[in-house]
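Chain residues, written in single-letter form:
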Amino acid sequence: MKRILLSLFVCVLLNGKVKAQVPANCQVGDDATYTKQIRENTTEPFFSTELVDHLPSSTCVPSPEKFLHHIIGAPNVLDHVEQINAYMRLLEKNTPRVKVFSIGKSEEGREMLAVMVSDAENVGKLDRFKEITARLADPRGLSDQDAQKLIAEAKPIYWADGSIHSPETGAPEMLMELAYRLAVEDTPFIQKIRNDAIVMITPVVEVDGRDREVDIYMHHVNHPQDPRYPLVWWGHYVAHDNNRDDLGLTLALSRNMLKTFLEWHPTVMHDLHESVPYLYIMTGTGPYNAWLDPIVISEWQGMAYHEIEEMTKRGVIGVWTHGFYDGWAPNYLLSIANGHNSIGRFYETFGNGGADTEVRKLNPPDTNREWYRPNPPLPEVKWSARDNINMQESAILFGMNNVASNKEQFLNNFYLKGKRAIAKAQTEGPAAWAFPADDPRPAEQARFLNLLEKQGIEISRLDADTQVLPNLQKQGSEWKSASSDTHPKSGSTDKDANKPVTLPKGSYVIRMDQPYSRLADMLLDTQYYNPRDPRSYDDTGWTLGALRNVKTVRVMDVSLLNKSMRKMADVEVAGSVAGSGGTLLINHNTDNTLATFRYKLADVPMEAAEGPFEAEGVKFNAGSFIIRNADRGRIEAAAKELGIQIRATASAPKVATHALQAPRVAIVHSWTNTQNDGWYRVAFDELKIPYTYIADTKLRVTDHLRDKFDVMILPPGGGSGGASLSSTIQGIPVRGSALPWKNSADMPNLVAPGLDETDDIRGGLGYTGLANIEQFVRDGGVLIAAQSSAGLPVSAGMTQLVNLNNPQGLNAPGSVLLSTVEDNKSPIAYGYSDKLYVYFHDGPVMNVGINQQNPEANARSSGRGSAGDPDVIQARAYQEPEKVKRTPREQELYIPDQVRQLASLLLPPPSEMPRVVLRFAAEKDLVLSGMLVGAKDVAEKPVVVDVPHGKGHVLLFANNPFWRDETMGSFFLVFNAMFNYDHLNAGVQPSAATNREAQSKSREE
Ligand SMILES: [Zn+2]
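Residues numbered from 1 in each chain as written. Predicted model: local features only at pLDDT ≥ 70, side-chain atom pairs only at ≥ 80, totals over all residues. Heavy atoms only, no water.

A few points about the overall build of the protein
The helix and strand tally for the protein stands at 31 helices and 42 strands. With the C-alpha coordinates of the protein rotated into their principal frame, the extents come out at 105 × 75 × 70 Å. Burial status across the protein gives 61% buried among its 1005 residues. The long-range share in the protein, meaning contacts at least 24 apart out of those at least 6 apart in sequence, stands at 81%. For the protein, the exposed surface amounts to about 38100 Å²; the carbon and sulfur share of it is 50%. Positive and negative side-chain charges of the protein, numbering 103 and 123 respectively, have mean locations separated by a distance of 3 Å. (Helix = DSSP H or I, 4+ residues; strand = E, 2+ residues; numbered from the N terminus. Buried < 20%, exposed > 50% of the residue type's maximum accessible area, 1.4 Å probe, protein only. Contact = heavy atoms within 4.5 Å. Areas by Shrake-Rupley, 256 points an atom, 1.4 Å probe, with all protein chains shown as cover. Lys, Arg positive; Asp, Glu negative; His and termini not counted. Charge placed at Lys NZ, Arg CZ, Asp CG, Glu CD.)

Some words on the coordination of the zinc ion
Each protein donor to the zinc ion is listed here as His165 (ND1), Glu168 (OE), Glu168 (OE) and His273 (ND1); together their distances run 2.1 to 2.4 Å. Around the zinc ion, the four donor atoms are arranged such that angles at the metal cover 56 to 154°; this shape is classified as irregular. All donors to the zinc ion come from one chain, and their sequence spacing reads H-x2-E-x104-H. Both residues of the pair, His165 and Glu168, count as buried. (Donors = N, O, S within 2.8 Å, 3.2 Å for Na, K, Ca; no water. Tetrahedral: all angles 85-135°; square planar, octahedral: opposite > 155°, others 65-115°.)

A short note on unusual backbone geometry
The peptide bond linking Pro364 to Pro365 adopts the cis configuration, its omega dihedral lying at 10°. Within the secondary structure layout, Pro365 lies in the loop between strand E14 (358–361) and strand E15 (380–383). The omega torsion of the bond from Gly429 to Pro430 falls at -5°, within 30 degrees of zero and hence cis. Of note, Pro430 is situated in the loop between helix H15 (424–427) and strand E16 (432–435). Positioned with a positive phi, Ala875 is a non-glycine residue whose angle comes to about 65°. Owing to a relative accessible area of 88%, Ala875 belongs among the exposed residues under this scheme. A positive phi angle is found at Arg964, which is not glycine, with a value near 50°. Looking at where Arg964 falls in the secondary structure, it is placed in the loop between strand E42 (952–957) and helix H30 (968–979).

Some details on the pattern of salt bridges
Across all of its chains, the model carries 59 salt bridges by this definition. Across the pair Glu108 and Arg110 runs a salt bridge, and its minimum N-O distance is 3.0 Å. The pair Glu108 / Arg110 is uniform in exposure class, with both members buried. When the shortest N-O distance is used, the salt bridge between Arg778 and Glu774 registers 2.6 Å. Here the residue Arg778 and the residue Glu774 both occupy positions in helix H25 (residues 766–778), the gap between them amounting to four residues, near one helical turn. Judged by relative accessible area, which is 37%, Arg778 ranks as partly exposed. Linked by salt bridges that have partners in common, Glu50, Glu309, Glu310, Lys313 and Arg314 make up one network. (Salt bridge = Lys/Arg side-chain N within 4 Å of Asp/Glu carboxyl O.)

With respect to helix H8 (residues 188–196)
Among the residues of H8, Phe189, Ile190, Ile193, Arg194 and Asp196 are the ones counted as buried. At its buried positions, H8 is contacted by helix H4 (120–124), helix H7 (170–184), strand E9 (198–202), helix H13 (385–405) and helix H14 (407–422).

Things to note about the pairing of strand E25 (residues 606–609)
Side-chain alternation along E25 places Met606 and Ala608 on one buried face and Glu607 and Ala609 on a second face that is also buried. Of the strand pairs in this sheet, E25 and strand E30 (residues 657–660) are connected by four bridges, and their pairing is antiparallel. If you follow Glu607 over to E30, its bridge partner there is Ala659. (Pairing = 2+ DSSP bridges.)

Comments concerning the sheet that holds strand E22 (residues 565–567)
Each strand in a sheet pairs with another by means of backbone hydrogen bonds, the pair being arranged parallel or else antiparallel. Here we have five strands laid out as an open sheet, ordered E21-E16-E20-E17-E22, and antiparallel in their pairing. Two strands close off the open sheet at either side, each with one partner strand: strand E21 (553–555) and E22. On average, each strand axis in the sheet is inclined to that of its neighbour by 30°, with strand direction left out of account. Both strand E17 (residues 460–462) and E22 contribute to a ladder of three bridges, which runs antiparallel. Residue pairing for E22: Arg461 is matched across the bridge by Arg566. The strands that helix H18 (residues 517–524) touches are E16, strand E20 (508–511) and E21; relative to E16, the one it contacts most, it runs at about 55°. (Axes fitted to C-alpha atoms, helices over the stretch in contact; angles between N-to-C directions.)

What to know about the sheet that holds strand E7 (residues 111–117)
If you walk across this open sheet you meet the eight strands as E6-E7-E9-E8-E10-E13-E11-E12, and the pairing is mixed. Sheet topology places strand E6 (98–105) and strand E12 (319–320) at the edges, where each strand pairs with a single neighbour. Sheet topology places strand E8 (residues 157–162) next to strand E10 (residues 268–274); five bridges connect them, and they run parallel. Across the sheet, the residue bridging to Trp159 is Met269, located in E10.

Digging into a nonpolar patch on the surface
Taken together, the side chains of Leu902, Leu905 and Leu906 present a nonpolar region at the surface, about 300 Å² in accessible area. One can find Leu905 in helix H28 (residues 903–906). What makes Leu905 exposed here is its relative accessible area of 68%. (Patch = residues over 30% accessible without salt bridge, like charges linked within 9 Å, V, L, I, M, F, W, Y side chains within 5 Å.)

Description of the packing of aromatic side chains
Applying the stated criterion to the full structure yields 44 aromatic pairs. The side chain of Arg360 reaches across the aromatic face of Phe350, ending 4.0 Å from its centre. The residue whose ring lies beneath Arg373 is Trp320, and the NZ or CZ to ring-centre distance is 4.6 Å. (Phe/Tyr/Trp six-rings, centres within 6.5 Å; stacked < 30°, edge-to-face > 60°. Lys NZ or Arg CZ within 6 Å of the ring centre and 35° of its normal.)

So, the packing of helix H1 (residues 32–41) against H13
In helix packing, the relevant descriptors are the interaxial angle and the interaxial distance, both defined with respect to the helix axes. Remark: H1 packs on H13, axes separated minimally by 8 Å, with the N-to-C direction vectors making an angle of 105°. Taken together, H1 and H13 sit at an angle that is classed as roughly perpendicular. Facing H1, whose interface residues are Tyr34, Ile38 and Asn41, H13 presents Arg386, Asp387 and Asn390. Taken together, the residues of the contact of H1 with H13 sort by class into two nonpolar, two polar and two charged. (Parallel < 35°, antiparallel > 145°, perpendicular 65-115°, else oblique. Nonpolar A, V, L, I, M, F, W, Y, C, P; charged D, E, K, R; others polar.)

Re H25
Because each turn of an α-helix spans 3.6 residues, side chains separated by three or four positions end up pointing in the same direction. The first and last C-alpha atoms of H25 sit 19 Å apart over 13 residues, in line with the 18 Å expected at 1.5 Å per residue. Within H25, burial applies to Gly766, Gly769, Leu770, Asn772, Ile773, Glu774, Phe776 and Val777. Remark: Gly780 follows H25 within two positions and exhibits a positive phi of approximately 110°. (Expected span 1.5 Å × (residues − 1).)

Describing the environment of Ala939
Structurally, Ala939 is set in the loop between helix H29 (935–938) and strand E41 (942–949). Spatially, the C-alpha atoms of Ala939 and Val845 are 9.8 Å apart, while their sequence positions differ by 94 residues. With residues up to four places along the chain from it excluded, the contact list for Ala939 reads Phe920, Ala921, Ala922, Glu923 and Leu926.

Focus: the environment of Arg889
Here Arg889 lies in helix H27 (residues 888–893). Along the chain, Arg889 and Ile216 lie 673 residues apart, while their C-alpha atoms are 52 Å from each other.

Topic: the side chain of Asn749
The topology assignment puts Asn749 in the loop between helix H24 (725–730) and H25. Aside from chain neighbours lying at most four places away, what touches Asn749 is His80, Arg110, Asp211, Arg212, Asp215 and Asn743.

Brief notes about the layout of surface pockets
Space inside the second largest pocket adds up to approximately 810 Å³. Elements with a minimum of two residues in the lining of the second largest pocket: helix H16 (442–454), helix H20 (593–600) and helix H21 (632–642). Among the elements that take part in the lining of the second largest pocket, H16 stands out by supplying seven residues, more than any other. When its residues are assigned to classes, the lining of the second largest pocket shows ten nonpolar, seven polar and 13 charged. (1 Å grid on protein atoms, 1.4 Å probe; cavity = no way out; pocket = protein on both sides within 12 Å on 5 of 7 lines; lining within 4 Å. Points joined across faces, edges and corners; volume = space filled by probe spheres on them.)

So, in structure tokens, the structure goes:
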């Protein structure tokens, strides 16, 4: 292609200012050698377009090849973050069309960038464009006329970001070439983008994982005969879940991206992923998130179909939409844009986890023609890294050109979405969400409010007690007053819904007449997901108030908006020591700062009250902290720092106590999947709770574990199905030579502080490791096994009378369920009230007791009438069977007649009976948010079971108490187990007595 074009730019005077321009002596031509290599490495003509089948040369701006010594999409090579960032800065140095901003650092200290590319004049006025999008984002007080003036002046910002998922390696490479092409090429197509839009590029989102992945890939290239390393840590904490952090904002990348979004208000945010063939353009199957303005749904479709059509017109094969993800949960990176009235979207291209050129074989359904995929991928094709680059780069250029060409439409929609979000309070409601000032967990309330504020949501605070009617709408019977409890569903009746509620002075209010009202409503509301809808792609429920155990009240009453309130900056909780005397009392309210406090003062002896008590007229919950003969100054300093209220008294309360420990905790990981343990680590790190991160392979070779640890946590195993006992024992198969995970000259990025290293990642837990764990518990340690990991101690025989099952009809793709505290004397329940919402995902479902028959067995016999009719036995007078209504616990302790004789042999002594601490609510009350098919299999089953074993305990969780930093309400179940690890038998319940009776009875007979 001949493109010898002379760029003749001169400095021009505009508004009396000298504008930066591309120097007049810069010549643009065709980079023949680069172009030749593009074509050599493109395996089929139908994997390219005229937009990317060549590269222009520039006498001023170095091409990627000049800097990297390879073209973008060259086989067998990937670049580290430092190189990528350096190339972007080189562009900035050599052309006024590029400007680079640092947007923050990762956990391991690597830098993330925003690279702005546009016409030099636009780049010179970035501050003005930023000002305009900010004004359009918050149109309060802006007239339509003034808005139109701003829209005419504005440029839409199109933000493309690469590699949030580290094994998806093409985008960071592509984005270097894209930046160069946009800065240099002079076709009308590219000029349109440059003149009428601002392209913003974040080449690598997950910078830590990128460097590890490149290390591993280049090692594989250089040692093709060796087995390829697994990418043990995709980032510092979690694997693909780093794209599920928009609700918790726990990871540095989420915070950096959000902060950058709120600074620039990009019109479009476009994540570049790689998985399915060859190019999936996001729209989604639905159900779509119900809180979004419907405008954005149309925008997704319009943009996707534009790009599909342009690609398909050019003969490109396998570009499609719809059937991949749903569009429901707001937890993805792109949700940053959708939640803030912009457009969030993504591509999936056919990656190859590196830059190998390979024959790729596909099966149906990938190759099936569907209405949404009229031009499907082929059963077999040679696929190269360059093919991947061509597909991504071509399509996103069509997207950028579309936005530039229709800039006023896109910006107008952006403005309109903001305007309609502000009208939400009056138009569709609610008017506001309130956080009552009397929440028993002030620290968690503050932490939650500060999270919302980080999202750009405004928080106000009431100046006086304020009465509101929480519910005024017709459809209101669905919505119940939350005045008496955390959530609408729990405990209140329809009548309550129209009773006035008093929000005490100091309550926080999130008004729905603000630009990000929809986001706030989306996070705080409850979710209904119809099982008839397409399969959900991720969580179906996420109600954050419930998961964080913070009270929220949905207020329909618009009169609240006129009440006296003040806008808040950060919400802070004051900590103090009140009163006088040598004994300090801290109410246990399950605020997680109490856990920070315990470890901050690890050397200070503390005690836990074994029951509730009153001191000087103040009520304290069971588990409250008691510190005798304290160094008040030191404790006061910690209380102030953490927002903890402490009461000093002269006399110690009359209540049984035991030592409140600050134990040594191990968090266990495997070398095959670190996804779930990452959420445990990040929560512990945030709360400054020390722990040892230890590999299963290390447990295999470490005996006397009890000498080293008090509590050992097994986070849920890999994958949604969990790790089986056999895969846990085997780990990575021992074949060939050792696979060390250590930094080396050719792989310098594998390990960072806080991660783990080893001489050999093979071999798993092994039988020895299993025996070492069992010995640890028998020696008095506490083993905490959550969700799928519960299978390990159960299958390995460390728990009696507990069975796990995965009921066939159960479908719980991630929901918020209600549970009730069954055993409030158990230290694990300390500080909790009688109800707790927990996060539940699939199974396993736990069963306790000797009577573990199928619940169907309780159904009536086959006979006359219907399922609900009584069984009428023939030839005798009808007698109503005695109604035996047993509680779930009685059912668990029931000894079937058949085994009565053997009960003394089969049943553990009373002190070893499994203790059900938390139990799922009855079926009718069970689901707060999300989908749950097969609720009857979950209802009234145990959530948390404490099983004594030897001198120690095994704690089994059916929920995941540490899920994506959303489940702050459940954290303290684990912290309680830690602090009371050597006194978990405190308050042993009548279960033991019942059992004792049963045993002695069976012996008598
Ligand atoms: Zn991905």
